[in-house]
Number of protein chains: 2
Amino acid sequence: MPSKSTTVGRKRPARKQRSDGERSRTAILNEAARLATVEGIGGLSLSRLADAVGMSKSGLFAHFGSKEELQLATIETAEGIFEEQVRHAASPDQSGLERLRALLDAYLSYVESGTFPGGCFFASAMVELSQQPGPVRDRLVDFLADWMTTLEAAIKDAQREGAIEKREDPAQLAFELEAFLLLANTEFALAQGADPVKAGRRAIERRLEAATT
Amino acid sequence: MPSKSTTVGRKRPARKQRSDGERSRTAILNEAARLATVEGIGGLSLSRLADAVGMSKSGLFAHFGSKEELQLATIETAEGIFEEQVRHAASPDQSGLERLRALLDAYLSYVESGTFPGGCFFASAMVELSQQPGPVRDRLVDFLADWMTTLEAAIKDAQREGAIEKREDPAQLAFELEAFLLLANTEFALAQGADPVKAGRRAIERRLEAATT
């Protein structure tokens, strides 16, 4: 897959003019990612997507040779959006605790702002494909592992900086914080009200209060 | 739907002999619930299930008139299993705190014991159908609301009994505990290792320690 597609959906000005083919690919993949959170990534067949974007199936086939290739390219697009909306909220200049708070807060904003109609793209896709081995599921497992590692790294830095208690197990604390994000997302996607996100923010606040020095 | 099917999957001795038709219906619905956690409840069409249970599509059609009827009957079966394995772990004789601990523990055992190959039936189905309005989604939303009410009722009783601090907001505490269950289930379904369930148990222990008097 061209590396350029990882910048899909970012708000920064493009450095160079993109060709019609790339623009079209970007539009198709944004629609695919949106659709995956409504109908499931498993329902993302070339013919279903062709209907949704108003292209012929053969036109789509020119972009993506198979359903699996389409699913992987859709995940790549969703990763670009997640990077922009969530990961970029934290900067290497910040302290560990600042980065941790920024990431948790940005995740809840990404859910709440309706980036995807069905809530977090990855939370949906992971549940859907958990029992379907293959490269698509593997990529989602890697995504979750990377995200947990990012949270843990911020916690470990905060411990080194003396901001989070040494007695906290970083993996356990990351698990508890991620749990609040996941339930906030799941209930938000079901009910579309602000309450689950508020409950998630309160839970994070309370947990960090107990963990900080 | 016949009320008898709510007892599907329970281990108690049946009070009266069931007919062949009912036995067959039970076997079909148990397979349907299992299959729904692997391939999704949306993939639960009459023809897919006919393949899985080795019956003709017309034979299945005699049991269930439509895909929606099949999905609703499958949810009813899964509710019976959840009642037996999780809800029945708590008894009205117990204190609020005992009931709360029993329910949380039973949920994690229900996940860990592989009742369904893809983890909790309801966690999967809820994520999958969150953006698909209709009676099937409504039933899942009701299930989650009932479960949260059960946790909250146990917390409120524990507060009245002086076992949980009055300053705890029951809905917020229920949210935090349910979050640990959901992430433990999701990670367990993805990785099938014992670690997420252990992390879930540790998180619950720590949270209840902070909440109890």
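Keep in mind it's a predicted model, so treat the numbers as computed, not measured.

(A) Highlighting the relation of the copies chain A and chain B. With an RMSD of 0.0 Å, the fit of chain A onto chain B corresponds to turning through 180° and sliding 0.0 Å along the axis. Interpreted geometrically, this transformation is the action of a two-fold axis. Across chain A, the rotation axis passes nearest the C-alpha of Ala179(A), at a separation of 2.5 Å. Take the interface residues of chain A: 100% of them recur as interface residues in chain B, which is what a same-surface contact looks like.

(B) Expanded view of the domain arrangement of chain A. All names here are of chain A. Each assigned domain of chain A is listed here: domain 1 (17–76) and domain 2 (86–211). The C-alpha centroid of domain 2 is placed 27 Å from the C-alpha centroid of domain 1. Contact residues are listed per partner, giving twelve residues for domain 1 and 13 residues for domain 2. For the side of domain 1 that touches domain 2, the secondary structure elements donating two or more residues are α1 (20–39) and α4 (67–85). The dominant element in the side of domain 1 that touches domain 2, judged by the number of residues it contributes, is α1, at five residues. Of the residues contributing to the side of domain 1 that touches domain 2, the split by class is six nonpolar, four polar and two charged.

(C) Spotlight on the environment of Glu68(B). Residues and elements named next belong to chain B. Locating Glu68 in the fold gives a position in helix α4 (residues 67–85). On the basis of neighbour counts, which here come to 12 C-beta atoms within 10 Å, the residue Glu68 falls in the exposed class. Here the alpha-carbon distance between Glu68 and Arg160, two residues 92 residues apart in the chain, equals 43 Å. Contact partners of Glu68, with chain neighbours within four places excluded, come to Pro135 and Val136.

(D) Spotlight on the nonpolar core. By size, the foremost hydrophobic cluster in this structure holds 116 residues, and its most contacted members are Ala32(A), Ala179(A), Phe180(A), Ala32(B), Ala179(B) and Phe180(B). Look past the residues within four positions of Ala32(A) in its chain and what remains in contact with it is Leu44(A), Leu49(A), Leu70(A) and Thr74(A).

Conventions adopted
- Residues numbered from 1 in each chain as written.
- Chains lettered and ligands numbered in written order.
- Predicted model: local features only at pLDDT ≥ 70, side-chain atom pairs only at ≥ 80, totals over all residues.
- Least-squares fit on C-alpha atoms with pLDDT ≥ 70 in both.
- Contact = placed C-beta atoms within 7 Å.
- Domains from an automatic or database assignment.
- Helix = DSSP H or I, 4+ residues; strand = E, 2+ residues; numbered from the N terminus.
- Nonpolar A, V, L, I, M, F, W, Y, C, P; charged D, E, K, R; others polar.
- Buried ≥ 20, exposed ≤ 12 C-beta atoms within 10 Å, placed from the backbone.
- Core = buried A, V, L, I, M, F, W, Y, C linked by C-beta atoms within 7 Å.

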